[in-house]
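Next come the chains, spelled out residue by residue.
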Number of protein chains: 2
Amino acid sequence: MTVYYPNGQPFKNSFTSVGKASDSGVVYGHRGMTLEEDLNVSNRYYIETDQAVIYKKPTPIQIVHVDYPKRSAAKITEAYFRKASTTDYNGIYRGRYIDFEAKETTHAHYIPLKNFHAHQVEHMKRIKRHGGIGFIIVKFTQTAEIFLLDSDYLANYWVASMKGGRKSMPKQLFMDHGHLIPQNYLPRIDYLRVVNKVYF
Amino acid sequence: MTVYYPNGQPFKNSFTSVGKASDSGVVYGHRGMTLEEDLNVSNRYYIETDQAVIYKKPTPIQIVHVDYPKRSAAKITEAYFRKASTTDYNGIYRGRYIDFEAKETTHAHYIPLKNFHAHQVEHMKRIKRHGGIGFIIVKFTQTAEIFLLDSDYLANYWVASMKGGRKSMPKQLFMDHGHLIPQNYLPRIDYLRVVNKVYF
């Protein structure tokens, strides 16, 4: 399925995965979609239906060298991935600032805290302090369950791990304090339905 | 002056300019700083002083090829600049979602509308509709004056230009309906002082 912008241009998702040499950006059906791809399509749907304006930020890149071939586009010939200092997703929903990070785990019963960075945890604390909504979305790939969990839980586990506590968040935490996100055809990951319930 | 993160790491600004082969990201004094660099330092100051959480988004890059040298970081060897579908800056301030685009003009009396893209104008309309604060920051480099102007004015000039109207926004518009932003040592571009006045 190709999703189109209001101006008729096909939707090119911003997914640029380490290890994938290239992708055209066109979304083909629902075969082997990653959490990130599904969220991009869901966010596009929310925008098209005027429910929210939430985007994934581009991957931060450190550019070292750019070539300028005659009569064609500038070509980056040397660049490196950089670590993000914020979360990947932000935007506005029902007048509120929304901010979240999304991760997959292949482990059946937990997600390692190393999936997140200190800067991201600090960023989400700031967001909450300034009146925004902050959470994480975690997909347990073995069961394809996707949970929304308020970022305060991540912050608490983060602090505890610094003091010698466990280095992961158990799935039980998500089952007890998180919220299972309904998955449909459109939107594929209907996390705003959960946001309605939890934050409004 | 090097600005430091709370964790002691030096602040690396995310400025990646077409035409600059590289930059270390370290900010040296105030010599020949671009509007973007000054805004990055100002935003960092707002974060450090816990006034707001506003960032410039990374430049969107289409990655085509990545090399994986042994024992060193993944190296992007072919990539291209992409046009942003949103504005460059967003975040949260006093509980409100903030969204803006920043541009410089070398023209004394106007800024060409071609500095903006249709997607950005549409994006800012959506932001306003959902209860966010949207504006543009424009620097007239000949006089070093920097103005904040509500994004509705851009939207109106955009629509008019589509109907055959002028292809630029006159400086007089900024003087009549915009707000001159105070420039200091820290923050260099104190646009939140104007936001306080205009939106709260």
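The model shown is predicted, which means the values in this text are computed figures rather than measured ones.

(A) Spotlight on the overall build of chain A. Helix and strand counts for chain A stand at five helices and 10 strands. Residue burial in chain A is summarised as follows: out of 200 residues, 50% are buried. In chain A, once contacts between residues fewer than 6 apart in sequence are set aside, the share between residues at least 24 apart is 60%. For chain A, the exposed surface amounts to about 9,000 Å²; the carbon and sulfur share of it is 52%.

(B) Representation of the sheet that holds strand E8 (residues 145-150) of chain A within the structure. Residue and element names in this part refer to chain A. Pairing is mixed in the open sheet, where six strands are placed in the order E1-E4-E5-E7-E8-E10. Of all the strands in the sheet, just strand E1 (52-56) and strand E10 (179-180) have a single pairing partner and so form its edges. Strand direction decides the pairing type here: E8 and E10, joined by two bridges, are antiparallel. Note that in E10 the partner of Leu148 across the bridge is His179. Contacts from helix H3 (residues 151-162) reach strand E7 (133-140) and E8 within the one sheet, and its direction differs from that of E8 by about 80 degrees. Each of E1, strand E4 (89-93), strand E5 (96-105), E7, E8 and E10 is contacted by helix H5 (residues 191-199), which is oriented at about 135 degrees to E7, the strand it contacts most.

(C) Seen up close, helix H1 (residues 35-48) of chain B. Residues and elements named next belong to chain B. Between its first and last C-alpha, H1 extends 20 Å over 14 residues, near the 20 Å set by a 1.5 Å rise per residue. With 12 of 14 residues buried, H1 lies mostly within the body of the structure. The set of residues buried in H1 consists of Leu35, Glu36, Glu37, Asp38, Leu39, Asn40, Val41, Ser42, Asn43, Arg44, Tyr46 and Ile47. Downstream of H1 by a residue or two, Asp50 has a phi angle that is positive, lying close to 60 degrees.

(D) Representation of H5 of chain A in the model. Residues of H5 of chain A that are buried include every one of Tyr191, Leu192, Val194, Val195 and Tyr199 of chain A, and no others. Seen along its axis, H5 of chain A keeps its buried residues to an arc of 150 degrees; they face one direction.

Cut-offs and rules
- Residues numbered from 1 in each chain as written.
- Chains lettered and ligands numbered in written order.
- Predicted model: local features only at pLDDT ≥ 70, side-chain atom pairs only at ≥ 80, totals over all residues.
- Heavy atoms only, no water.
- Helix = DSSP H or I, 4+ residues; strand = E, 2+ residues; numbered from the N terminus.
- Buried < 20%, exposed > 50% of the residue type's maximum accessible area, 1.4 Å probe, protein only.
- Contact = heavy atoms within 4.5 Å.
- Areas by Shrake-Rupley, 256 points an atom, 1.4 Å probe, with all protein chains shown as cover.
- Pairing = 2+ DSSP bridges.
- Axes fitted to C-alpha atoms, helices over the stretch in contact; angles between N-to-C directions.
- Expected span 1.5 Å × (residues − 1).
- Arc of directions from axis to C-beta.

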